[in-house]
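Listed below are the residues making up each chain.
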Amino acid sequence: MKADPKGVLTGTHYLDGDHAACEGALAAGCRYIAGYPITPSTEVVERFAGRIPCVGGIFMQMEDEIASSIAIQGAVWAGAKAMTVTSGPGFSLMMEHIGLAIMAEVPCVFINVQRGGPSTGLPTLPAQSDMMQARWGSHGDYEVIALCPNSPQECFDLMITAFNMSERFRTPVMFMMDECVGHMTERVIIPSADKIDIVPRKYTKKSPSEYKAYQPNEVLIPEMAELGKGYNFHITGLTHDEKGYPAMNEDSQKKLVSRLINKIQQYKKEIILIEEDGIKDAEVVVMSYGITSRVAEKAILDARSKGLKVGKARLKTVWPFADEYVLDLSKKVKAIVVPELNAGQIVREVERAVKGNCEVISVPHLGGGVHKPELILEAILKGAKGGKH
Amino acid sequence: MENTKHPLSKYLREDRMPHMWCPGCGIGTAMNAFMHALDKSGMEKNNVAVVSGIGCTGRVAGYLNVDSFHTTHGRAIPFSEGLKAASPDTKVIVFSGDGDLISIGGNHFIHAGRKNMDLTVICVNNLNYAMTGGQVSATTPVRSITATAPHGSFTTPFNLPFLAEASGAVYVARWTVYHVRDLQKAMLEALNKKGFSFVEVISPCPTLYERRNKMGDGLTRMKFYKDNSILKNGADTKETNIEINKPFVVGKFIDIEGKPTYLESMNKYYDETFQCELGYKTYKGTRYSCNISDGGVSEGCMDD
């Protein structure tokens, strides 16, 4: 279906990433945010609080991020599309409820506008150091989707993708921004509502007597039932059977948890979005995401001007990780350069995926600013010299 | 053929019986009183949602045959706030224990009271964390023996009616599981109340709290409740604290009319703020025409 025009602010705007993400959510049909103020993400909810009375929906400022991250799930079961917005310290508090959203299969979106950590860290300065937390932060085994925009325009566009994926796969989606992308202001073009494809909430058409809350369909995803329609469904964070009843034993655990993982893994090809440039004949590929990809762009251009064949692979989807893509790449290139605003997180995934086929060069930066392009260029030059091919 | 169905069985997930509560535990009695109250309220069953947290009482949501949510530890209230906000016509009942609602969830409890969220909160208070083996909770009376206070508890417990009133609850009552009729009546009144209504249900935990404190079995404890509860409707909630082996006050303490709920306040405020209402009603409220500005960039809202 197409977007509801009430939430779509069609036109050409000059917005920062936080505001653009808010507009993306409104366009995607988000009508409920529960949130708690935290720099550098607060502008998302500030705009939502201002906009939502015009659109028809609710913003609730909660007492903390724990409350925010579960209030949105209440709203989802009541029929709304919902999200919450935070940064590192708040994201840490939300971990248990990311697990609940995974376990109870609650479509919703968590925005993390990343800042430097650990702890209170650098509230106003950028980092990309919550990438592993987005993947593994909640306890237990699970698969998760995490998207990484690198511009205000993409904060808008990819936010719609985030909501659509959350509905399609009945799973929480992590929207991993960073302070730079959140606070940079650029042109954002918002199309008309009829140009925006929306995945609506899919409710079961079965009768209450036939319906089982967690009976998977052919693609491993159970159908939701509408609140108040006599389904009398039961939702729990305990390991449960197809009825949604607690079933705490080895068999139920295996059946449920493997389905939760497989329902995402089987669609990796569709979920993983990568922006490429100059990959075909590249000797060295720079693999980056978020704001770092904008800095890497300069390094790539500089390297090319020196006559090197350098490709760009930008991960718009970081989780699930593009294992197969990276493996293919590793067979063709000398080196993969991985700059990121952390001590080296996604580079571990790259190293794992290349299976020793090529060199992997980490370009860490602990946040508080962004890389100097020269650092990335240096790594590119190093990669071009060495290598196994 | 004789009808052997219990008249309230429609409220029960019979396929989940028997329940997991211990002999002498009061949670089943509290749930039974709730089913009676729900029946008497005449509320459409499909329009009712029950939300629990974690713990022994947290299992109530799993046994009631309504749309029901067994959420995370301490967070039944904020879950319910989102549920209610997006579905204002649903009657949302939070049914959980003292450890869940007051100890770990205390912050959510006071804020929901402050905002007058339209929720009925039923708290079964068995004076300890039962599911995890009987540890000291925020409601454990001083000098009680618990698993994590083996020499006796020495911290002052919360007085729940006082806490509820101070937070802004519009209805506050306390009964024990001995007072089944009063309990049903209080639950019925709470269900019919708009705003944050609170019913505390004092219950034995014979397996853990009563055993460790040598207070006898469930029946002995019922006799204790009978002999030691002081009926005092309208009592000052400063006087409703619970001390070990001492008489305590039960009754209806607070019953306020006319205080606007969160959603009523929100809708009223927006009605007054935005004179140019478009009249568009969503399930969440009203849509208004307004303008916001951000950093000097004025963004007009779409008017359809």
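Because the structure is predicted, anything quoted here is derived from the model rather than measured. (Residues numbered from 1 in each chain as written. Chains lettered and ligands numbered in written order. Predicted model: local features only at pLDDT ≥ 70, side-chain atom pairs only at ≥ 80, totals over all residues.)

## Some remarks on the overall build of chain A
- A tally of helices and strands in chain A yields 13 helices and 16 strands.
- Rg of the C-alpha trace for chain A: 21 Å, near the compact-globule value of 21 Å for 389 residues, within the 12% margin.
- Along the first, second and third principal axes, the C-alpha set of chain A runs to 70 × 50 × 40 Å.
- For chain A, the residues scored as buried account for 58% of the 389 residues in total.
- Long-range pairs, those at least 24 residues apart, make up 77% of the contacts in chain A with a sequence separation of at least 6. (Helix = DSSP H or I, 4+ residues; strand = E, 2+ residues; numbered from the N terminus. Rg over C-alpha atoms; globule rule 2.2 N^0.38 Å. Buried ≥ 20, exposed ≤ 12 C-beta atoms within 10 Å, placed from the backbone. Contact = placed C-beta atoms within 7 Å.)

## Observations regarding the environment of I235 of chain A
- With respect to the helices and strands, the residue I235 of chain A is situated in strand β10 (residues 234-236).
- Between the C-alpha atoms of I235 of chain A and G79 of chain A, which are 156 residues apart in sequence, the distance is 15 Å.
- If near-sequence neighbours (up to four positions away) are discounted, I235 of chain A is found in contact with W77, A104, A213 and G244 of chain A together with F69 and H70 of chain B.

## Description of the sheet that holds strand β5 (residues 171-176) of chain B
- Within the open sheet, the 9 strands sit side by side as β10(A)-β2(B)-β1(B)-β3(B)-β4(B)-β6(B)-β5(B)-β8(B)-β7(B). Their pairing is mixed. Two strands close off the open sheet at either side, each with one partner strand: β10 of chain A together with β7 (229-231) of chain B. Pairs of neighbouring strands in the sheet enclose a mean axial angle of 20 degrees, with direction left out of account.
- Bridge count between strand β1 (residues 48-52) of chain B and strand β2 (residues 67-70) of chain B: 4 bridges; the pairing is parallel. If you follow S52 of chain B over to β2 of chain B, its bridge partner there is H70 of chain B.
- Along the sheet, helix α7 (residues 180-192) of chain B makes contact with β3 (91-97), β4 (120-125), β5, β6 (197-202) and β8 (248-255) of chain B, crossing β5 of chain B at roughly 160 degrees. (Pairing = 2+ DSSP bridges. Axes fitted to C-alpha atoms, helices over the stretch in contact; angles between N-to-C directions.)

## Brief notes about the interface of chain A and chain B
- The partner chain B presents 44 residues to the 50 residues of chain A that form the contact.
- Within the residue set of the side of chain A that touches chain B, elements represented by two or more residues are β2 (30-35), α2 (42-55), β3 (58-61), α3 (65-77), α4 (88-103) and β10 of chain A.
- In terms of residue count, the dominant contributor to the side of chain A that touches chain B is α3 of chain A (9 residues).
- Across the side of chain A that touches chain B, the residue classes break down as 28 nonpolar, 14 polar and 8 charged. (Nonpolar A, V, L, I, M, F, W, Y, C, P; charged D, E, K, R; others polar.)

## Some words on unusual backbone geometry
- Across the junction of T39 of chain A and P40 of chain A, the peptide omega takes the value 0 degrees, indicating a cis bond.
- Residue placement: P40 of chain A occurs in the loop between β2 and α2.
- M17 of chain B connects to P18 of chain B through a cis peptide bond whose omega is 5 degrees.
- Structurally, P18 of chain B is set in the segment before α1 (27-41).

## Comments concerning the confidence of the model for chain B
All names here are of chain B.
- Per-residue confidence for chain B gives a mean pLDDT of 90, with 89% of residues at or over 70.
- Of the regions scoring below 50 in pLDDT, residues 276-304 engages in 62 contacts with residues more than four places distant in sequence or in other chains.
- The complex prediction reports pTM at 0.95, with the ipTM value standing at 0.97. (pLDDT = per-residue confidence, 0-100.)

## Structural notes on the packing of α3 of chain A against α4 of chain A
All names here are of chain A.
- Look at α3 against α4: their axes get within 7 Å of each other, and the N-to-C directions meet at 30 degrees. Regarding the angle of α3 to α4, the classification is roughly parallel. Relative to α4, α3 is oriented so that their crossing is right-handed. Facing E65, I66, S69, I70 and Q73 of α3, the residues of α4 in contact are G90, L93, M94, H97, L100 and A101.
- Grouping the amino acids of the contact of α3 with α4 by side-chain chemistry returns 6 nonpolar, 4 polar and 1 charged. (Parallel < 35°, antiparallel > 145°, perpendicular 65-115°, else oblique. Left-handed = near helix turned anticlockwise from the far one by under 90°.)

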